[in-house]
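An overview of the molecular structure
Residue-level listing of the chains:
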Amino acid sequence: MKTSVKIDAQYEKMDDKFDAIEESLNASSKRIAPLQSLSIATKALDTRINRAISPALSLLEGFELAETLQRKLLKIASKLLSEKKNPKKRLKKLIEYVDCMNELNESINRIGYETGPAIQKLLEVVEFLSRTKAADYYRTERLRETLITLKAVSEAEVDSMRFDGVLDEALLNLQDEFEGLLMRLRHRISVTNDDYDNHNDGDYGVNYGGLGSDLEVEVLGKIAETLAANDCLDICIDIFVKVRYRRAAKALMKLNPDYLKTYTPEQIDEMDWENLEQAISLWIKHFHLAVETVLLSEKTLSKQVLSNTTIAADQETPPLWPECFIKIADKIMAVFFRFGEGVSRSSKDPHKLFKLLETFDSLENLKPKFFDVFDGEFSGADIRSRFRELEKLLVHASTRVFYEFGLKIEGEIHDGLGLTPQDASVPKLVRYAVNYLKNLTTVSYSSPMGKVLEIEHLWKNGTLSSENELKGQDLFKEAVSNVMEAIQRNIESKKLRFKDKVLAQIFAMNTYWYVYMRSRNSELVKLLGEEYMKSRYRHAAEESAYLYQKLAWGSLVKLLDVGEEIRDGNSNYERLGGLVREKMESFMVGFDEICKRHNMSGFEIVCDADLREQMKDATLRLVLPAYTEFFDKYESVLVKLKMTYLPPESVEAMLRGIFEGGGDQRGSDGKLNLIGRSGSNDRIDRRVVVDRKRFGKDNRRLEFDNSDL
């Protein structure tokens, strides 16, 4: 208890001491409070000044980095000059050069972005200190001097580094490097022969594996991006389009396309056909080569180099590379298009049809590839539209040429094609038309011609309205059939112009037989049908041959008919002698006239050798047996009458000579070499050489019956 009392007393003393200490602390706190406020204000001011100075310090670091990058850029540039002999190593060094430029540009841009805020911060703190007098005069003055210096540096140094310093010089060098690299990328096209000079289509070797290596394309892409990022986008595009157009045009100029200088319809009409035909063939080859190789590779290069190059202010704009590619291709395609359009608009001569169809077919085959090359969503519409327009012109030109060809056959043809041959030979027009249709119906031309007719039919009549609507090949068959009918009408009209009916039948026989034989085993017969050709042309030839036999030789054979009563011996000898004399003299006169007609200058009895042989045999079968029978029966009468006559051997020789040539049995006076017999009872050995086995076996031979003659 005593201890507790002592402890309690001590606690009371301690409480008194604590109360005294508390009173002392309160008094001290009141005295220190102003000093604490001053300390806090000093720290706040120090923090504010540091915050204002920090951007400026960062800006100074940016200047220091920019100077370092400038020195590095100059060092790389000097190394580039020493690496000209090693292209691959130089390209890698050029990538390093471009990367350093991008870093320098980024550093300068960062300096430009940081200069304004740094100056603003310093300006604010200087104004604050000047207004509040929170810092001593010397500190405030130093901050004001720093502000002035920073303003001067930002106004002069930043613009100098961007437009007058190392970066500007590097951009100029980079433009030269960009142009030089683009010039190095060439189209590897080799001409294996002197095509146009030798009038030969020629072959072209295209060693195409893309324009440039991956490293070259990578460098070009980086340079394009760097130029665009440094406000040189227009210069970059201008260089790219100019250089690549030159390269593409120069590659195509290796093909010697001098024919492209002639492109108006009037100029094309003045060209020789051989030159024009050669030019169109070359145009087809060159057009394919330009689209499938040269321009396709240019499109690929444009996409690789410029795909990441956009207008910096607007990242949502369409990519620039399609527009650049179209600028390159537009002039080249325009030159090709104007030649094709000139050919399509030129005169519609029949022989141009084949080249028009070749051109149309080549465009149809090229169309998928063409629209793949010019498929830009934002460009290429004009080129695609002009391609379609060229196809339309070719369709109109092809159909018009073909239809006008049929009309020319029916009308009078210029240049001698419509004249009637006076020697009964096959007219030039018929020869031309048949061979024309034979070529047209081959696989190479029938398919494009059918498509052209179908397109033209659809344009005139709209879309197909029914399943029975004619297709391309049906329209082609109908068109060819119309031309064949026009040929037949033309033959008949010329046949009527002959005054000599025999000559008219020879003309018809020659011409119809030519049409039939010339078209045999051809695509023309497959298209129209064998029965069609037989019914119209072979039968017409057979009918004309029959009429020729009847008109030329039938009347002559009838002269040898002396009547039944004479044959039966019911008349007296004088009457028989007079009748035989009259018959023989009439026969000789008629035979002489026919021989003269057949052997006159320029007369072509039968053009076709096979037909000529058949007609010879048929004539021998008609005339020679009748004359031999008459001669054998009344030879004794002829001898007693002391008449001059031709033996059957001479008649046979003359008949053969008509068809074979050289068989004219005339003397120097132009008369027949007749043989006179007086008092001789010797029989003359006669042979009628007629190979009867030849007739009726070959289905190509004329089959007509001369029993009615």
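Note that the structure is predicted; figures quoted are calculated from it, not measured.

**A look at the overall build of the chain**
In terms of regular secondary structure, the chain is built from 21 helices and 4 strands. Here the chain holds 709 residues, and 46% of them are scored as buried. Sequence-distant contacts, at least 24 apart, represent 82% of the contacts inside the chain between residues at least 6 apart. Total accessible area on the chain stands at roughly 37,600 Å², and carbon and sulfur atoms take up 49% of it.

**A few points about the environment of Met654**
Mapped onto the elements, Met654 comes out in helix α21 (residues 648–660). Classification of Met654 by relative accessible area gives buried; the value is 1%. When the C-alpha atoms of Met654 and Asp592 are compared, they prove to be 10.0 Å apart, with 62 residues separating the residues in sequence.

**Let's talk about unusual backbone geometry**
Notably, Asn256 is not glycine yet its phi reads approximately 60 degrees, a positive angle. Judged by relative accessible area, Asn256 falls into the partly exposed class, the value being 29%.

**Section: the nonpolar core**
Generally speaking, soluble globular proteins have nonpolar side chains that are buried together. By size, the foremost hydrophobic cluster in this structure holds 129 residues, and its most contacted members are Phe287, Met484 and Trp553. Leaving out residues up to four positions away in the same chain, Trp553 has contacts with Tyr548, Phe591, Ile594, His598, Thr619, Leu622, Val623, Leu655 and Ile658. In this structure, Ile76, Leu167, Leu182 and Leu185 belong to the second largest nonpolar core, which totals 51 residues.

**Notes on the packing of aromatic side chains**
All chains considered together, the criterion is met by 20 aromatic pairs. Chaining the aromatic ring pairs together yields one cluster made of Trp283, Phe287, Phe325, Phe336, Phe337, Phe370, Phe371, Phe374 and Phe387. Here Lys331 stacks its cationic end above the ring of Tyr245, 5.4 Å away from the centre of that ring.

**Remarks on the packing of helix α6 (residues 233–253) against helix α9 (residues 321–345)**
In a packed pair of helices, the relevant descriptors are the angle between the two axes and the axis-to-axis distance. Direction vectors running N to C along α6 and α9 enclose 30 degrees, while the axes themselves pass 8 Å from each other. Pair α6 / α9 crosses with right-handed handedness. Counting all contacts with α6, which are made through Ile237, Phe240, Val241, Arg244, Tyr245, Ala248, Ala249 and Leu252, the residues of α9 involved are Cys324, Lys327, Ile328, Lys331, Ile332 and Phe336. Its residues assigned to classes, the contact of α6 with α9 comprises 11 nonpolar, no polar and 3 charged.

**Details of the packing of α9 against helix α10 (residues 353–373)**
Two numbers describe how α9 lies on α10: the axes approach to 13 Å, and their chain directions differ by 165 degrees. Here α9 is positioned roughly antiparallel relative to α10, judged by the angle of their axes. As α9 packs across α10, the resulting crossing turns out to be left-handed. Facing α9, whose interface residues are Phe325, Met333, Phe337, Val343 and Ser344, α10 presents Leu356, Phe370 and Val373. Counted by class, the contact of α9 with α10 contains 7 nonpolar, 1 polar and no charged residues.

**Some words on the confidence of the model for the chain**
Across the chain, pLDDT averages 77, with 74% of residues at or above 70. Here residues 193–200 is modelled with pLDDT under 50, and outside its nearest four sequence neighbours on either side it reaches 22 contacts, counting other chains as well. Note that residues 662–709 has pLDDT below 50 and, in this model, 119 contacts with residues that lie over four places away or in other chains.

What counts, and at which threshold
Residues numbered from 1 in each chain as written. Predicted model: local features only at pLDDT ≥ 70, side-chain atom pairs only at ≥ 80, totals over all residues. Heavy atoms only, no water. Helix = DSSP H or I, 4+ residues; strand = E, 2+ residues; numbered from the N terminus. Buried < 20%, exposed > 50% of the residue type's maximum accessible area, 1.4 Å probe, protein only. Contact = heavy atoms within 4.5 Å. Areas by Shrake-Rupley, 256 points an atom, 1.4 Å probe, with all protein chains shown as cover. Core = buried A, V, L, I, M, F, W, Y, C linked by side-chain atoms within 4.5 Å. Phe/Tyr/Trp six-rings, centres within 6.5 Å; stacked < 30°, edge-to-face > 60°. Lys NZ or Arg CZ within 6 Å of the ring centre and 35° of its normal. Axes fitted to C-alpha atoms, helices over the stretch in contact; angles between N-to-C directions. Left-handed = near helix turned anticlockwise from the far one by under 90°. Nonpolar A, V, L, I, M, F, W, Y, C, P; charged D, E, K, R; others polar. Parallel < 35°, antiparallel > 145°, perpendicular 65-115°, else oblique. pLDDT = per-residue confidence, 0-100.

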